[in-house]
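Listed below are the residues making up each chain.
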Amino acid sequence: MTHILIVEDEERIAAFVAKGLGVAGYTTTCVTRGREALSLIRAGGVHLVILDLGLVDMDGFDVLRRIRDDQNTVPVVVLTARTSVGDTVAGLERGADDYVAKPFRFEELLARVRLRLRARSTGPEVAVLTHGPLQLDLHARRMRVDGREVDLSAREFALAETFLRHPGLVLTREQLLSQVWGYDFDPGSNVVDVYVRYLRRKLGAEHVETVRGMGYRLVDVGVASPPALARS
Ligand code: CA
């Protein structure tokens with residue numbers, strides 16, 4: 001299990017990131033202080049760190065410097081509201097592996113996390129998600145239905161990926177919103193329903209079932225071969 005440490009003093013953001021990473025299959029620990037983060041990282045077993053720069057007890061840059069002073073090469077993705085080029089360069093020079101500026105969409109952060117974990121090759125990464133006739137290639141960013149390529153927008157792709165990672169499970173609108181659109185999105189919006197409609201039009205309406213009062217579910221239809229995960 002890949003363990004991600006989230007160092008963030010804003011509870012709302014930490015909870016949002018932890019929830020999303022949990023759905024994506026990662027184990028997370030949240031801490032609000034730099035000192036706690038350092039002792040956990042020193043104890044080992046952390047595969048990646050998501051680090052906010054503005055913490056209560058320490059500057060995130062100091063946390064980063066101390067991690068690297070320990071000769072620890074754990075990948076660090078810096079989260080920050082500071083968007084200036086100077087800060088980006090400073091962060092990367094001080095040993096950050098990547099940088100995500102707030103506000104961000106969850107899929108943006110997830111892409112960075114996956115990229116950094118893959119760069120360290122901490123385990124086999126699922127490259128193609130398959131469910132019956134549906135086949136989603138995460139590296140080539142391609143969707144196929146019965147071998148026929150279907151053109152998806154970035155948002156439709158993220159929605160399809162979320163369904164394919166949880167076949168048969170009911171996903172609520174709230175879960176889909178936070179996974180695909182991010183924490184800044186108005187929970188009262190009907191954007192999920194609109195995009196499910198787009199996806200049905202492209203994949204075939206039968207693949208995504210409406211579960212009344214709950215949400216949506218990817219169902220087994222015309223399963224030509226048993227659902228399988230292909231690994232790279
Ligand atoms: Ca902060």
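See the structure above.
Residues numbered from 1 in each chain as written. Predicted model: local features only at pLDDT ≥ 70, side-chain atom pairs only at ≥ 80, totals over all residues. Heavy atoms only, no water.

Trainee: Would you explain the sheet that holds strand 5 (residues 98–101) in this entry?
Mentor: The strands making up a sheet associate through hydrogen bonds between their backbones, and the pairing can be parallel or antiparallel. Pairing in this open sheet of five strands is parallel, and the strands run 2-1-3-4-5 from one edge to the other. Here the strands that pair on one side only, and so sit at the sheet edges, are strand 2 (27–31) and strand 5. Going across the sheet, the axis of each strand differs from the next one's by a mean of 20 degrees, ignoring polarity. Pairing of strand 4 (residues 76–80) with strand 5, which is carried by four bridges, proceeds in the parallel orientation. Paired with T80 across the strands is A101, a residue of strand 5. Contacts from helix 1 (residues 11–23) reach strand 1 (3–7), strand 2 and strand 3 (48–52) within the one sheet, and its direction differs from that of strand 1 by about 170 degrees. In the packing of helix 3 (residues 60–69) onto the sheet, the strands contacted are strand 3 and strand 4, and the crossing angle to strand 3 comes to about 150 degrees. (Pairing = 2+ DSSP bridges. Helix = DSSP H or I, 4+ residues; strand = E, 2+ residues; numbered from the N terminus. Axes fitted to C-alpha atoms, helices over the stretch in contact; angles between N-to-C directions. Contact = heavy atoms within 4.5 Å.)

Trainee: Where do I start with the sheet that holds strand 12 (residues 215–218) in this structure?
Mentor: Spatial strand order, 10-12-11: three strands in an open sheet with antiparallel pairing. The open sheet terminates on both sides in strands that have one partner only, identified here as strand 10 (170–172) and strand 11 (208–211). Direction aside, the axes of adjacent strands within the sheet are offset by 35 degrees on average. In this sheet, strand 12 lies alongside strand 10 in antiparallel orientation, the contact comprising three bridges. Across the sheet, residue L171 finds its bridge partner in strand 12, namely Y216. Seen against the sheet, helix 7 (residues 173–181) touches strand 10 and strand 12 and runs at an angle of roughly 70 degrees to strand 10.

Trainee: How should the environment of L21 be read in this particular structure?
Mentor: For L21, the location among the structural elements is in helix 1. In this structure, the C-alpha to C-alpha distance between L21 and I4, residues 17 residues apart in sequence, is 8.5 Å. Contact partners of L21, with chain neighbours within four places excluded, come to I4, I6, Y26, T28, I50, F106 and L110.

Trainee: Just to check I follow, could you spell out the pattern of salt bridges for this structure?
Mentor: Pairs can form between side chains of opposite charge once their charged atoms are near each other. Under the criterion given, the structure shown has 20 salt bridges. K102 serves as the salt-bridge partner of E8, at 3.0 Å between the closest nitrogen and oxygen. Within this pair, whereas E8 is found in the loop between strand 1 and helix 1, its partner K102 is found in the loop between strand 5 and helix 5 (106–119), the two being separated by 94 residues in sequence. By the burial criterion, E8 is buried, and K102 matches it. One salt bridge in this structure joins E107 and R155, with 3.2 Å as the shortest N-O distance. Taken together, the positions of E107 in helix 5 and R155 in helix 6 (residues 154–165) put the pair 48 residues apart, joining distant regions of the chain. Taking relative accessible area as the criterion, R155 reaches 21% and is therefore assigned partly exposed. Each of the salt bridges in this network shares a partner with another, and the network as a whole consists of E8, E10, D52 and K102. (Salt bridge = Lys/Arg side-chain N within 4 Å of Asp/Glu carboxyl O. Buried < 20%, exposed > 50% of the residue type's maximum accessible area, 1.4 Å probe, protein only.)

Just geometry here; none of it tells us what the structure is for.
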